[in-house]
Every structure is written in structure tokens, then in C-alpha cells.
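# Breakdown of the fold
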2 protein chains.
Amino acid sequence: MTSTVKYLLTEDQMPTAWYNIQADLPAPLAPVLHPATHQLIGPADLAVLFPMELIKQEVSQERSIEIPEEVQQIYRQWRPSPLYRARRLEQALDTPAKIYYKYEGVSSTGSHKPNTAVAQAYYNKQEGVKRLSTETGAGQWGSALAAAGAMFGLEVLVYMVRVSYAQKPYRRALMEAYGARVVASPSTETASGRAVLAEHPNTTGSLGIAISEAVEVAAQAGDTRYALGSVLNHVLLHQTVIGLEALKQLEMAGDYPDIVIGCTGGGSNFAGIAFPFIGANMRGETNTRIIAVEPQACPSLTRGQFTYDFGDTAHFTPLVKMYTLGSTFVPEGIHAGGLRYHGMAPLVSHIADLGHLEARAEHQLECFAAGVQFARCEGILPAPEANHAVKTTIDEALRCKETGESKVILFNLCGHGNFDLQAYMDYHAGKLQNTAYSQEEVAMALAGLPVIA
Amino acid sequence: MTSTVKYLLTEDQMPTAWYNIQADLPAPLAPVLHPATHQLIGPADLAVLFPMELIKQEVSQERSIEIPEEVQQIYRQWRPSPLYRARRLEQALDTPAKIYYKYEGVSSTGSHKPNTAVAQAYYNKQEGVKRLSTETGAGQWGSALAAAGAMFGLEVLVYMVRVSYAQKPYRRALMEAYGARVVASPSTETASGRAVLAEHPNTTGSLGIAISEAVEVAAQAGDTRYALGSVLNHVLLHQTVIGLEALKQLEMAGDYPDIVIGCTGGGSNFAGIAFPFIGANMRGETNTRIIAVEPQACPSLTRGQFTYDFGDTAHFTPLVKMYTLGSTFVPEGIHAGGLRYHGMAPLVSHIADLGHLEARAEHQLECFAAGVQFARCEGILPAPEANHAVKTTIDEALRCKETGESKVILFNLCGHGNFDLQAYMDYHAGKLQNTAYSQEEVAMALAGLPVIA
């Protein structure tokens, strides 16, 4: 039996700065616009939602942004995270490819989300904020922010999409164990929640509505700021510790990836693993293939439009240019709840538009099959989101088998599936289906996009 | 904010041998007796249940037993596990005590159980076994063996206590994702299961019954052996990597524990953390306080009798001398399911009888409160079993606050609570109660003990 091989950095090899890909973009990001006026938005407009340090990071052009010592100290609880060579999976696939995976499930809440939750809690605490409001769908983000808030003595208020609130009581229990208050969204606590309920009393909610509620509360309460778990530039920035560590670990292993793979919902775990490698490509140093994998049930990168759109349903958030299916698009209820967002991070969208990544969409049944195969070889059950990266990795490894090429593949195992066992039960019971939207359905969703002069 | 401090060994500092406490016992263990004849049992009698290497380990008097290279390779997937200094908890308690915890939740199935599951799967595979049968209550052990079996290409058959099978479908889903077959116990697949069902058609099952079924299947099928997740000497042996690593890590930190604390059900995680320290005490090198914490709802060490008893309900297993409440004792249905076993490992029992450990029993409500306090400080939600160790640690740290002593406390955080969120929901909803048995109830249970000439 061949064993998994682990590459572990010592703590003094842990990155002390995040990597800001904005410094290496061949063309700058499109500006952010005010939701009402459609004019350029400034730091002052955002100050009601975010602490100033995060607003600065949002627009910074510096390549390296120092990780505060206090954040590094908390990172050290689970970082540097391990990089594994999946020798048993390679053997099962009988592939000449070398498969490496970076494992973010070692964090306290089991995903990559604490990388930014801890940083956001830190900056808010520094600037005297007392409470953070946020939304959560599947619950990975809400759990991470609840744990980070508890560490810094910040209250955390989570608007949890109503269908998840009902179907995932354990995720809610975890957030509550960390001391967070969890409210089913839409709620009667906000004007935007009440407006939705008045029109659709039986709605199951959506991430877009939950964002509206969390933003509304932050905008109204002086001691409260809003925290987002993906999409924004500073969130993606914080995740780059993943790829920076992987770079060093692959160096230890004597390899450099030919292909880097991540799953994409809002874009944060993908950015985390891929941005340092995309940056090297952009600087002309390397020529690594970069693959972003999204679900067929929410195909913003592969079937959306690259245009200005709102981040939420009530249109409180600024307008950003991104690949989007429209802010009123409600994707099918697949188990990879972390990938169900109508848009894609502006940075990831911009990079896709520049041709610096390949986008691919996969069906959930094939992804679950890949995840189960991975679990039996490697011992770790992946989160349904991560299964999309596993599926593409296996596809690429099997392609190597055909061609005889010994390519080096790196993917991000962004979280474990221990909170997602209902998904695996449903999969094994044959209860899951694939979702494929017709061209008409996608066109209808896109027709709802705002027209920006 | 004070940060948690992590002490991580490099892989080349990982122990290459387990520590066998039998070499340091001031008096040998009482012999194991045949269940039918009450005569001394020999290796040949056990060969139908276990591979010969494990039988040898069961009786070995060697202080060090080498960890096979293949087992070490799999250990390296999550080992050496981190040792943390709980600085934020210390601060919250305002104690001069130094609190260290060894964290075993980093394994793929989230507890210490893979330390022995991998070793047992390895030795069985080496000796040509095709299938392993076992029992599981809470599911930690069944999950660990399912994952280990998948890695070695062994079939795994798990008899899961019926009440857990119904109440913990997610644990079952995890085992099935790893490819194990999970059967509710008592089942109609075994004579012992059918006998129980004939008498009690609506029984919810017990660990003792599930063991009987798993042993029966192993004894009858030539290609099948039995695997146990606790109690036996070789199982406790495999867990000593925990304490051996902790010793080295504390040396890195410049400390040696004044107090070592572990929770006890069958005894394996306690043995894992404590045996290396107890051995040093027995050799006269140190004078460390050792505390074993069990639930009031299953108080074998604190209220049981030290005598010969069966390990299972149908009396298929050998007779071993241990602290026991009687093999027919069915403890209350507390959430710390891993601690609900009528007996205590013979080695742990013998050491208790020799006065080399202090036993303590705690109520579950106080343990959950301690676990929630720990989670909010340290970010990790402990398993309900581990909460018993957390409770005692907090008590001892608060005692230090009273006396002003800066004692060094080490405890084993043997698993995370991410699979146990129903327990935390019930706790937060006020649905949990404490269990305290009257003297009469305990006396009645003990009256059922076998009389051995």
C-alpha cells in the first residue's frame, strides 16, 4: 500500500503577508459604483459597512500586505495547513500524474473561511466595532465568523437563509455554541426582510436576501459593521495564505504545478489557492493552467454575463462588474450550498475575462462520486463544494493516463464534509438529481440585469 | 488578546514505537480467563478473533513496541498532532495555572480512534484477513475503522447500537461513505442478536449486545476477525503515541505536567495521554497527579467493583479483571456515548487498584457548560466525551487560582464535537438532565456479576 505524503511547513515558514493580485493585473479592475447614483464610490461611502483598514485593502495596489501579528498568532492554531500528495488516489486511478492537495479542513470550523473571518474580526475590533452582522447559506462562513467573533469578544449576528436554518439545525447549533445569534432570513427584524415576507410569506429565502438584511442592520446601527465571507477583494486577499503556503510546500516536494484547480462559488477558496500562481503567470514567470470549477446548477462563470450587477436582492450593495446570472436568480437547491451565489468575485471575473483562467461547470452527481472515491483512498470526506475540485482533478489525472504525461496537479480541498452528511446520505439513497438550465432559462435570468449607463 | 500557542513536532520527532506500560507495572495484570471454562486462556483461544501480532502485543512485557513503517506513514497524515497552550482559556479563568491540551480531533474522523484503527487494520491485512467485524455506539470507533479498512482494502462490518443507528444517521452515513456495511444491533443476522430480539423485540440495543454480535460473526467466518476500539491492552498500547508526543512537546515548551487529565469510557484515550506519565511515576522518576474522569451516568471506576467480568452481554468474550458495573448494566442515555461502557480497561483498572490514578465522576450538564466555555475561548468545540476532561481541567485551574499555584495541567482533547451538535442543541434547549444512581441501583447492578472460583 502506498501512503499519502504530507508536506508541512514549520510556523516560521508561514507567510507573514498576504498576496494582493491587484499589483500584477495587466489591466485594472472596473471601479465600484454607488447602488443609487451609479457614480464612483469612495471610501467614505463604504465606512458605514466596513472598517477603514479593510476598505484600504479593497483598493490597495501593493503586492504584499502584512498579516497583523495577532492574526498570525491565531492562524498558527491550524496553519500552516498540510499539503498532501494523494498517492493512494494516484494508485487507484493508475495515473502517471502527481496529485497534490492543500487541506483547509484542519481549521476549527472545518473550512478555509476562518482565514478571512479572523482577519475581519481583528480589524473590526481594532476600530472599536462591537458587533458584526453577516449572512450565511450553507453555514461555513457563519460558523467561521461566530468562532472568530468569540475569540475577539465581538457579538455576531447571522442571517441564515431560511431553508438552511430549517434543514441545517446542526450548523446553527455550532454558531450558537460559539455564542452567535442566528436569525432565519427573511426575518421580521429588518425592512428588507419584512418587504420580502409581505410579498412571499412562504419564501425559503436566498443569499441575496440575507445579505440585504445583514447590510441593512450594519448601515443603521452605529456599533455594527458588516462582514462578507467571499466575493470582495479583501476577502480573497486573506485567502491567499493558502496558495502562498502551497508554493513553499511544493518547493519542499521539488515540484511546481502544471495545473491548479479550485471550486468556485463566490470565489474565495479558488482565489486562495490560485492567485499566487496566476500572479506568476501574469508576470510572465510561469505558464500554469488554472481551472475554476463551478456547479452546473449555478454557472455564473460559464454562462453568466460580465457586467455591473448588485450583490444582493434589495440592491443595497454597491454595483460591481462581475460574471453574474442576475441578482434575482435563485439557483436550484443543490447540496454544495457554498457555491450558490448569483455572481462571481469581481477579481475572479476580471481574471477570467482577461483569459487567465479556464472555467468549467460540473453536475453534482459526478462530483459526489468523485468525493466518495477520494474519501476511500485518502481517508478525508470532502465538503460537497470541494467535490467539484476533486472531480476535475480526477478528470485531469485520467487524461494524463491517456497521454502518458506525468503532470503535477494541485487542488484545494477547501473543507471537510463532516457537516454535510445529509448530502452524502441523499447521494447514496439515490435522491439527488443533476440540474441543467436551458438557454431560455439563463436568458430570462440575464434579462433582469440592471442597465448601467 | 492572548493567543493560543501551538507546539508542533516535526515528523522525524514522531514516536517510532508505542509505550507498553506492562513493563513498568509493580504487579502484573490478572490473567484472562476462558468465558466457559474459567481456565487461563491462551493465544490459540484468541486466534479466531485477532491476528497473532495483536495477541502478542496483548501479553507483551517489552517496554517499547515498534510501530510498523506503513502505520507510521498513515499516522503522518495527521500526526504528530498539535499540543496547544490554552492561553485564552487561562485568561478567561484568570488562573496562574498553565493549561496544555493535546488535540486528537485533527485525525480524518475527528478523534483519537484512528491511532488504533489503522494499526489493527494493518496487522489484520498482513495476516491475510479479508473482513473486520466490530461494534460502535456513538460512532467514533466505527468511523475510524471504516476509514482504516478502506485504506487497506478490508471489508468492514459494523454492528451499531440500534438507538444510535436511529438517532445518528450521519455517523452511519460517514461509515457508509467509507464503504463499510452498517447493521443495527441487535440484528437478525446473528444468533445472539436473534435471541435478544426474541425476548425484547423493541430493545434499543447496547454496546454489550453489539460486541456479542461482532464477536459471533468473527468466530464463525474464517476470513473475518474482530476489532475492538478500546478496553484491550493492545488498543491502549496503540494510543500511547498521544502521550509520547505530548512529552516531547512539553519539553519543547520547557514544562512538565503536575497534573494529567483524561476522560474514561473504555479507557483508551485516557491511557493514550496518561500511560507514559504513569510509567514515569511507577519508575519513581516523577510524581505527577493523574486524574481519570468518567460520567456519573456510567461510574465504573468510582462506583464499580474490581473483579472478573465479561466484556459483552452474551458472554462470548473472555473474562477479564476490571472495574465493572456488571455486563448487564445499561447506563442512562447520555450524549457522551463513547463513555457508556459497563467496564473499564483491565490495565486502567489495575493501575487504579494500585493507587496510581485518581478517579472522578462528573455530571453531563456541568461538562457541557465547560465545553462551551472552552469553545468560545479556544475556537474548538469538544466532543461530549472530552468535555469531562475539560470540566476537570477548569476545576483544577480554578483551584490554582485559589491557592496561587502555577501548576502545569495537561489534558487530552480526544475529539471534536462536530458530529455531536444534536447534543449541544439539546444542552442549549435545556433538554438535558443529570443522572445519579442511588446506592441501591448500583448494588443491584453489581449483584449480577459472575462468581469466579
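First things first, this report covers the structure right here in the doc. (Residues numbered from 1 in each chain as written. Chains lettered and ligands numbered in written order. Predicted model: local features only at pLDDT ≥ 70, side-chain atom pairs only at ≥ 80, totals over all residues. Heavy atoms only, no water.)

### Details of the relation of the copies chain A and chain B
Copy one and copy two of the chain differ by a rotation about a common axis and a shift along it. For clarity, the threshold we go by: Least-squares superposition aligns the copies on the C-alpha atoms of those residues with pLDDT at or above 70 in both. Contacts were defined at the residue level, with two residues in contact if any of their heavy atoms lie within 4.5 Å.
Overlaying chain A with chain B gives an RMSD of 0.0 Å, the required rotation being 180 degrees about an axis along which the chain moves by 0.0 Å. In symmetry terms, the pair is related by a two-fold rotation axis. Taking C-alpha positions as the reference, the residue of chain A nearest the rotation axis is A:Val106, at 3.2 Å. When the interface residues of chain A are mapped onto chain B, 100% of them again fall at the interface, so both copies present the same face.

### Structural notes on unusual backbone geometry
Residues and elements named next belong to chain A. Let me state the cut-off plainly: Secondary structure is summarised from DSSP: a helix means a run of H or I of at least four residues, a strand means a run of E of at least two, and numbering begins at the N terminus for each. Accessibility here uses a 1.4 Å probe with only protein chains present; expressed as a share of the type maximum, an area under 20% marks a residue as buried, one over 50% as exposed, and anything in between as partly exposed.
Note the cis peptide between Arg79 and Pro80, where omega equals -10 degrees. Take Pro80: it is sitting in the loop between helix H3 (69–75) and strand E4 (83–85). In this structure, Val231 is a non-glycine residue whose phi angle is positive, near 70 degrees. Positionally, Val231 belongs in the loop between strand E9 (224–226) and helix H11 (233–239). Among the residues examined, Val231 registers a relative accessible area of 8% and is labelled buried.

### Observations regarding the packing of helix H5 (residues 114–126) of chain B against helix H6 (residues 140–152) of chain B
Residue and element names in this part refer to chain B. Quick reminder of the rule: Under this scheme, a helix contributes an axis fitted over its contacting stretch, all axes are lines through C-alpha atoms, and angles between N-to-C directions fall in the 0 to 180 degree range. To sort the angles, those under 35 degrees are grouped as roughly parallel, those over 145 as roughly antiparallel, those from 65 to 115 as roughly perpendicular, and the leftovers as oblique. Left-handed is the label given to a crossing in which the near helix is rotated counterclockwise from the far helix by less than a right angle, and right-handed is the label when the rotation is clockwise. Polarity classes work like this: nonpolar for Ala, Val, Leu, Ile, Met, Phe, Trp, Tyr, Cys and Pro, charged for Asp, Glu, Lys and Arg, and polar for all others, with Gly in that last group.
In the contact formed by H5 and H6, the axes pass within 8 Å of each other and the chain directions differ by 40 degrees. One finds that H5 runs oblique with respect to H6. Where H5 crosses over H6, the handedness of that crossing is right-handed. Residue-level inspection shows Pro114, Thr116, Ala117, Val118, Gln120, Ala121, Tyr122 and Lys125 of H5 in contact with H6, the latter providing Trp141, Ala144, Leu145, Ala148 and Phe152. A breakdown of the residues in the contact of H5 with H6 according to their chemical character gives ten nonpolar, two polar and one charged.

### Regarding the sheet that holds strand E15 (residues 408–413) of chain A
Residue and element names in this part refer to chain A. Formally: Strands are labelled as partners when DSSP assigns at least two bridges between them.
Judged by pairing direction, the sheet is mixed, and its seven strands sit side by side in the order E1-E4-E5-E15-E10-E11-E14 without closing on themselves. Each end of this open sheet is capped by a strand with a single partner; those strands are strand E1 (5–7) and strand E14 (358–362). Ignoring which end each strand starts from, the neighbouring axes of this sheet average 25 degrees apart. Summarising the sheet, E4 and strand E5 (residues 98–103) pair through three bridges and their orientation is antiparallel. Across the sheet, residue Tyr84 finds its bridge partner in E5, namely Tyr101. The sheet contacts of helix H12 (residues 241–253) involve E1, E4, E5 and E15, and relative to E5 the element is tilted by about 140 degrees. Packing against the sheet, helix H13 (residues 268–282) makes contact with E5, strand E10 (259–263), strand E11 (289–295) and E15, and its axis sits at approximately 150 degrees to E10.

### Considering the sheet that holds strand E7 (residues 155–161) of chain A
All names here are of chain A. Strand order in this open sheet of four strands is E8-E7-E6-E9, and the pairing throughout is parallel. The open sheet has two free edges, formed respectively by strand E8 (181–185) and E9, since each of these has just one partner strand. Mean inter-strand twist for the sheet, computed between neighbouring axes without regard to direction, equals 25 degrees. Summarising the sheet, E7 and E8 pair through five bridges and their orientation is parallel. Residue Tyr159 lies in a different strand from E8, and its bridge partner there is Val183. Helix-sheet contacts for helix H6 (residues 140–152) involve strand E6 (131–136) and E7, and the interaxial angle to E6 is about 165 degrees.

### Looking at the packing of aromatic side chains
Convention followed: In this scheme Phe, Tyr and Trp rings, the latter by its six-membered ring, pair at centre separations within 6.5 Å, and the angle between planes marks the pair as stacked below 30 degrees, edge-to-face above 60, and tilted otherwise. We count a charge as sitting over a ring when the NZ of a lysine or the CZ of an arginine lies within 6 Å of the ring centre and within 35 degrees of the ring normal.
Scanning the entire structure with this criterion turns up 29 aromatic pairs over all chains. For the pair A:Phe329 and A:Tyr437, a centre-to-centre distance of 5.4 Å together with 75 degrees between the ring planes defines the contact as edge-to-face. Here A:Phe329 is found in the loop between strand E13 (319–324) and helix H15 (346–353), whereas its partner A:Tyr437 is found in the loop between helix H18 (421–428) and helix H19 (439–447), with 108 residues between them in sequence. Comparing A:Phe329 with A:Tyr437 shows no difference in burial state: the two are buried. Ring centres of B:Phe368 and B:Tyr427 lie 5.4 Å apart, and the angle between their planes is 20 degrees; on these two criteria the pair is classed as stacked. A residue pair is termed long-range when its members are at least 10 positions apart, and B:Phe368 in helix H16 (residues 364–378) and B:Tyr427 in helix H18 (residues 421–428) qualify at 59 residues. Accessibility expressed as a relative area gives 2% for B:Phe368, which makes it buried. Of the aromatic side chains, those joined through ring pairs into one cluster are A:Tyr84, A:Tyr101, A:Phe374 and A:Phe411. Looking at A:Arg172, its charged tip hangs above the ring of A:Tyr165, at a distance of 4.1 Å from the centre.

### Observations regarding the interface of chain A and chain B
Heads up, the rule is: Using a 1.4 Å probe, buried area is obtained as the accessible area two parts lose upon being combined, added over both of them. Whenever a carboxyl oxygen of Asp or Glu lies within 4 Å of a side-chain nitrogen of Lys or Arg, that contact is scored as a salt bridge. Contacts described as polar in this section are N or O atom pairs within 3.5 Å, which, within protein, must combine one atom able to donate a hydrogen with one able to accept it, while residues neighboring in sequence count only if both atoms come from side chains.
At the interface, 43 residues of chain A touch 43 residues of chain B. In this assembly, chain A packs against chain B so that about 4000 Å² is buried in total across both faces, 57% of it on carbon and sulfur atoms. At the boundary of chain A and chain B, one finds zero salt bridges. Taken together, the links from chain A to chain B amount to 16 residue pairs in polar contact (both at pLDDT 80 or more). Elements supplying a minimum of two residues to the side of chain A that touches chain B: H3, H6, helix H8 (169–177), helix H16 (364–378) and H18 of chain A. Tallying contributions element by element places H8(A) first for the side of chain A that touches chain B, with six residues.

### Observations concerning the environment of A:Leu157
Residue and element names in this part refer to chain A. With respect to the helices and strands, Leu157 occurs in strand E7. We classify Leu157 as buried; its relative accessible area is 3%. In the structure, Leu157 is positioned 25 residues away from Val182 in sequence and 6.1 Å away in space, judged by C-alpha atoms. With residues near it in sequence (within four places) discarded, Leu157 still touches Arg131, Leu132, Ser133, Thr134, Arg181, Val183 and Val217.

### Some details on the pairing of E10(A)
Within a regular strand, the side chains alternate between the two sheet faces. Residues and elements named next belong to chain A. Of all the five residues making up E10, five are buried; the element is thus mostly covered by neighbouring parts of the structure. The side-chain alternation of E10 yields two buried faces, one formed by Ile259, Ile261 and Cys263 and the other by Val260 and Gly262. Bridge analysis of E10 against E11 gives five bridges, and the strand direction is parallel. Opposite Gly262, over in E11, you have Ala292 as the bridge partner.

### So, the pattern of salt bridges
Residue and element names in this part refer to chain A. Per the stated rule, a full pass over the model turns up 40 salt bridges over all chains. Glu396 is paired through a salt bridge with Arg399; the nearest N and O atoms lie 3.3 Å apart. Here Glu396 and its partner Arg399 are both found in helix H17 (residues 384–403), three residues apart, which amounts to about one turn of the helix. Among the residues examined, Glu396 registers a relative accessible area of 2% and is labelled buried.

### Some thoughts on H6(B)
Residues and elements named next belong to chain B. The condition is simple: Take the number of residues in a helix, subtract one, and multiply by 1.5 Å to get its expected span.
Taking 1.5 Å of rise per residue, the 13 residues of H6 would be expected to cover 18 Å, and the 19 Å separating its terminal C-alpha atoms lies within 8% of that figure. Of all the 13 residues making up H6, twelve are buried; the element is thus mostly covered by neighbouring parts of the structure. Here H6 has its buried residues at Gln140, Trp141, Gly142, Ser143, Ala144, Leu145, Ala146, Ala147, Ala148, Gly149, Met151 and Phe152. Directly beyond the C-terminal end of H6, a positive phi value near 70 degrees is found at Gly153.

### Regarding the environment of B:Phe152
Following the sequence through the fold, B:Phe152 ends up in helix H6. For the pair B:Phe152 and B:Ala36, spaced 116 residues apart in the sequence, the C-alpha separation amounts to 34 Å.

### Things to note about the side chain of A:Asp420
Counting through the fold element by element, A:Asp420 comes out in the loop between E15 and H18. When near neighbours in sequence (up to four residues on either side) are disregarded, A:Asp420 contacts A:Lys168, A:Ala383 and A:Pro384.

### Digging into the state of the cysteines
Rules: Cysteine sulfur atoms are paired as a disulfide whenever they come within 2.5 Å of each other.
By the definition in use, this model includes zero disulfides over all chains. Free of any disulfide, A:Cys377 has its nearest cysteine sulfur in A:Cys367, 17 Å distant. Judged by relative accessible area, which is 11%, A:Cys377 ranks as buried. Considering cysteine sulfurs only, B:Cys263 is the nearest to B:Cys298, which forms no disulfide, with 12 Å between them. Judged by its relative accessible area of 1%, B:Cys298 is buried.

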